Amino acid sequence: MKVVYRAIWDLPVEELFASGHRACAGCGPAIAMRWITKAAGPNTIVVNATGCMEVTTTQYPETAWMLPYLHVAFENAAAAASGIEAAIRTLSAKGLWRAGKTNVIVIAGDGGTYDIGLQALSGMLERGHHVLYILYDNEAYMNTGIQRSGATPKYAWTTTTPVGKAIRGKVQEKKDIMGIVMAHRVPYAATATIANLLDMTNKIKTALEYTEEGPTFLHILAPCPPGWRYPEELTVEMARLAVETGYFPLYEYDHGKVRLNPPTSQIAADPKRKKPLRDWLKLQGRFAHLTDAEIAELEREVAANLAYLSALAKAFS
Amino acid sequence: MTVALEARAKAKQTLALTSNYAAAYAAKAADVDVIAVYPITPQTTIVEKISEFVDEGELRAQLIHVESEHSAMSAVVGAAAAGARTFTATSSQGLELMHEVLHIASGLRLPIVMAVPARALSAPISIHGDYSDVMNTRDTGWITLIAASAQEVYDSIIQAYRIAESVLLPVMVAYDGFLMSHTTEAVELNDEEEVRKWLPRRLDRPNLLTPEKPITMGAFAMPDYYYEIKYQVQEALLGSLDKVVEADREYGKAFGRSYGIVQSYRLEDADYIVVAYGGASWGNAREAVDEARRRGIKAGALRLRVWRPYPAEEVAKALAGVKAFAVVDRAIAFGAPAGGPVYIDTVTALRMRGIDTPGLSVIHGIGQRSMFVEDFVKVFEMLKDGERNKTVYMGLKL
Amino acid sequence: MSLPRVHEISIGGIIAEPGSSRRNLTGGWRSLKPVLHDDRCIRCRICWLYCPEGTIKEIKGEFVVKGKKYQYKYEIDYDYCKGCGICAHECPVKAIEMVPEA
Ligand SMILES: Cc1ncc(C[n+]2csc(CCOP(=O)(O)OP(=O)(O)O)c2C)c(N)n1
Ligand code: SF4
Ligand code: SF4
Ligand code: SF4
Ligand SMILES: [Mg+2]
């Protein structure tokens, strides 16, 4: 990662995501939007997939966006961004694009990325468009009222994976979206959260710089109070704990090399520094029904995932 | 001949082209910036020809090899929003896959142009021609032209850019899958410099994405606003007929060919009129008129060159006062009060004007079932024999 | 407020005014109100970083608090604050207090 911001005092002041948007109080994705726009700066076109961030920010005739912004539909943000990027390239070559170098950023939720938008994302990555794709992951379809997605963790309650007598929560594990993206051999992909803002903004900068070469990808964990069922003030805490418990590892894929970032790198090196997963689970209503055995199972899966990523980092260092 | 006309005549070139190649040549002449296409029979040869143009350096454009038609339409929506002149083409299942985004293209008022060699829809899967795909796009807010020759395909696509960029609505140019898409005809090509002069760039529209003016496109509208925004599409689409006429007239002045919005054949004293669209139906209809007249029936034919917006005045003018008419549809409006989609519109256009000429809905050429001139002659005979107000499934093995 | 007529609405439903959501004051959503005690604030910027509404203002100037000089001061714009309490929860010195909205 290129370190553009060394300390939080280096972070940009100008707001390009305006107040007055209609996201819920304590919305994690809204924090992500503020910092994506700040780090990207005004010479940026945003393409947003249908979802919470689109619906809460663009209620006609008011918009929170201070960047040129396009929403087309739920599953095709990557395709629309491909078109914009291609347009800028040709228009620039023909002397018809006056704005100079312009970033193209997709912002899409987990539903719009893991599930319905996966094909368009893969197409965009495979074709090598100079676009930064940002997935804000709140781990369910929140806009339609908390339905499970491919990003919802195992055993979590959602309205389509209720805790019943026969089946208790989601049966499947969370999909490895980073693995899918890395399989496209893009120049750069990384995970981040809204708690680790310096890490996140530097990754945005890095990813944007690498779009010179081709597509880049960021997976940002962005907790959602109503969807995860925790008190609003805990949004940042929830993202921080997700990293500190090893549930959501911070790492980068940079030109074929895999690198764990702090604090994940420290946790992986010294498991004693890892907080118990239970600390994170117990704060969330969506996991309230978990038995000790289920928690132990999830804890083992977290450890296995950390071991897998450590091995990857070692093999591709 | 003026010097200018002479120069133009010299620059003109006549090639033997399929309608698909004619479409590709037209897109090249229009100097499109971004093309996003996905192959499907019978559209594929357009993609191939365009790929050749781009790879040979004859067309300075980005060709996006999208992974689906849904993405093809989405990519041209993005590109058009950023100010690029765009082109795409599809058929059948591809057009169905695009369907969601077709509404968005018109709702965002983007001047996209698309070629559609029309094909039947699954299931059962059929690669052959009919107009089921095009008819399914009826309410998407697209201006839809239906051409009847390769030359007209070429000319209509160039005109389509004029129309789209002045009305700010997307335009589809449809034509017969296979019967036209894969049939070679002589096509006179314009001097590309002249075409580009005729299609000046418009980089001043309000719905442009650029950091110079950060607007929001694709907003979310509550009941207080949604209706008005959609009504604007309706108004623009209905009003576009004048622009279609104007573009066709201006094109005629510049390049010597124009078509009108409906074409008529021997209508002057006709008692019975067959309304048709697309190349094969139109060819059959005209020959059938001649044959029917030899058999003593005062027959005439009318071709719709514009399907959306429906040219109601022109059709009503032609059909008012005749004894009866038939519409030959190459699509089935499943479960509708009459079988043919264009027939339904035609009847509505007449009744809305208080005209009560009786009609007959004829379905033919489904999945490219062979249509013979004699079938069309039979339609005239049925009309003369008093067949009215019903649907005839012609060519069906009953 | 009378709503615009069909021809007064922008073409294609575009919104031409960036950041016009500021017309939508979301302060009314609040049931708890963050009160920032400037005398306790160590100017760490953390509340400003994390506010989902971007409604904590960073004001530049010369500020002296308990004999210490600061170049910044943080103020909450209550027009937009939804009272989520993230700022209070994240403040390392508990300088922000959540009080019931009057
Ligand atoms: C084709 C299509 N299918 C379904 C929907 C309904 N829909 C809108 S947003 C959404 C969920 C969005 O989930 P996600 O991408 O995770 O974003 P979030 O709302 O959680 O931020 C769904 C199912 C739609 N708009 N379009
Ligand atoms: S439901 Fe969750 S993601 Fe959606 S606006 Fe509310 S807090 Fe944000
Ligand atoms: S309570 Fe929430 S919305 Fe209000 S200032 Fe604090 S962080 Fe911002
Ligand atoms: S977090 Fe607390 S100490 Fe830091 S700037 Fe805000 S109010 Fe002051
Ligand atoms: Mg989600």
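Above: the structure in question.
Since we're looking at a predicted model, the values are computed, not measured.

Draft legend 1. Region of the structure containing the overall build of chain A. In terms of regular secondary structure, chain A is built from 12 helices and 8 strands. C-alpha extents for chain A along the principal axes are approximately 65 × 45 × 40 Å. Burial status across chain A gives 64% buried among its 317 residues. Here the contacts in chain A between residues at least 6 apart in sequence split such that 71% fall between residues at least 24 apart. The distance from the centre of the 33 positive side-chain charges to the centre of the 31 negative ones in chain A is 2 Å.

Draft legend 2. Summary view of the coordination of the magnesium ion (ligand 5). All names here are of chain A. Taken together, the protein donors to the magnesium ion (ligand 5) comprise Asp110 (OD), Asn138 (OD1) and Ala140 (O), at separations of 2.0 to 2.1 Å. Written as a sequence motif, the donor arrangement for the magnesium ion (ligand 5) is D-x27-N-x1-A. Across the pair, Ala140 and Asn138 agree in class, each one buried.

Draft legend 3. Geometry of helix H7 (residues 197–210) of chain A. Residues and elements named next belong to chain A. The end-to-end C-alpha distance of H7 is 20 Å, a good match for the 20 Å that 14 residues give at a rise of 1.5 Å each. Most of H7 is tucked away, with 11 of its 14 residues classed as buried. Buried within H7 are the following residues: Leu197, Asp199, Met200, Thr201, Asn202, Lys203, Ile204, Thr206, Ala207, Leu208 and Tyr210.

Draft legend 4. Molecular detail of the interface of chain A and chain C. Residue-level contacts link 40 residues of chain A with 38 residues of chain C. Between chain A and chain C lies a buried interface of about 3100 Å² when both sides are counted; carbon and sulfur atoms form 56% of it. On the chain A side of the contact with chain C, Trp9, Ser19 and Tyr60 of chain A bury the most area, a combined 22% of that side's loss. At the boundary of chain A with chain C, the tally comes to 2 salt bridges. A salt bridge links Glu90 of chain C to Arg240 of chain A; the shortest N-O distance between them is 2.3 Å. Our count for the contact surface shared by chain A and chain C stands at 23 residue pairs in polar contact (both at pLDDT 80 or more). Counting only elements with at least two residues in the side of chain A that touches chain C, the list comes to helix H1 (28–40) and helix H9 (235–244) of chain A.

Draft legend 5. A look at the sheet that holds strand E2 (residues 34–36) of chain B. All names here are of chain B. Read across the open sheet, the 7 strands follow the order E3-E2-E4-E5-E7-E6-E13; overall the sheet is mixed. At either margin of the open sheet sits one strand with a lone partner, and together these are strand E3 (62–64) and strand E13 (306–308). Pairs of neighbouring strands in the sheet enclose a mean axial angle of 20°, with direction left out of account. Of the strand pairs in this sheet, strand E6 (residues 143–146) and E13 are connected by 2 bridges, and their pairing is antiparallel.

Draft legend 6. Layout of the packing of helix H2 (residues 19–29) of chain B against helix H7 (residues 150–167) of chain B. All names here are of chain B. Remark: H2 packs on H7, axes separated minimally by 8 Å, with the N-to-C direction vectors making an angle of 25°. With respect to H7, the element H2 is oriented roughly parallel. For the pair H2 and H7, the crossing hand works out as right-handed. Touching Ser19, Ala22, Ala23, Tyr25, Ala26, Ala27 and Ala29 of H2 are Ala150, Val153, Tyr154, Ile157 and Ile158, all from H7. Residue classes in the contact of H2 with H7 are distributed as 11 nonpolar, 1 polar and no charged.

Draft legend 7. Focus on unusual backbone geometry. Residue Ala123 of chain B is reached from Ser122 of chain B by a cis peptide bond, and omega for that bond is -10°. Put simply, Ala123 of chain B and Pro124 of chain B share a cis peptide bond, and its omega is 0°. For Pro124 of chain B, the position within the fold is in the loop between strand E5 (113–118) and helix H6 (132–135). The phi dihedral of Arg43 of chain C is positive, around 60°, even though this residue is not glycine. Take Arg43 of chain C: it is sitting in the loop between strand E1 (32–36) and helix H1 (46–50). Given a relative accessible area of 6%, Arg43 of chain C falls into the buried group. One non-glycine residue with positive phi stands out, namely Lys94 of chain C, at about 55°. Looking at where Lys94 of chain C falls in the secondary structure, it is placed in the loop between helix H2 (86–90) and strand E4 (96–100). Exposure remark for Lys94 of chain C: the relative accessible area of 45% places this residue in the partly exposed category.

About the criteria used
- Residues numbered from 1 in each chain as written.
- Chains lettered and ligands numbered in written order.
- Predicted model: local features only at pLDDT ≥ 70, side-chain atom pairs only at ≥ 80, totals over all residues.
- Heavy atoms only, no water.
- Helix = DSSP H or I, 4+ residues; strand = E, 2+ residues; numbered from the N terminus.
- Buried < 20%, exposed > 50% of the residue type's maximum accessible area, 1.4 Å probe, protein only.
- Contact = heavy atoms within 4.5 Å.
- Lys, Arg positive; Asp, Glu negative; His and termini not counted.
- Charge placed at Lys NZ, Arg CZ, Asp CG, Glu CD.
- Donors = N, O, S within 2.8 Å, 3.2 Å for Na, K, Ca; no water.
- Expected span 1.5 Å × (residues − 1).
- Buried area = accessible area lost by both parts, 1.4 Å probe.
- Salt bridge = Lys/Arg side-chain N within 4 Å of Asp/Glu carboxyl O.
- Polar contact = N/O pair within 3.5 Å; in protein donor to acceptor, adjacent residues only side chain to side chain.
- Pairing = 2+ DSSP bridges.
- Axes fitted to C-alpha atoms, helices over the stretch in contact; angles between N-to-C directions.
- Parallel < 35°, antiparallel > 145°, perpendicular 65-115°, else oblique.
- Left-handed = near helix turned anticlockwise from the far one by under 90°.
- Nonpolar A, V, L, I, M, F, W, Y, C, P; charged D, E, K, R; others polar.

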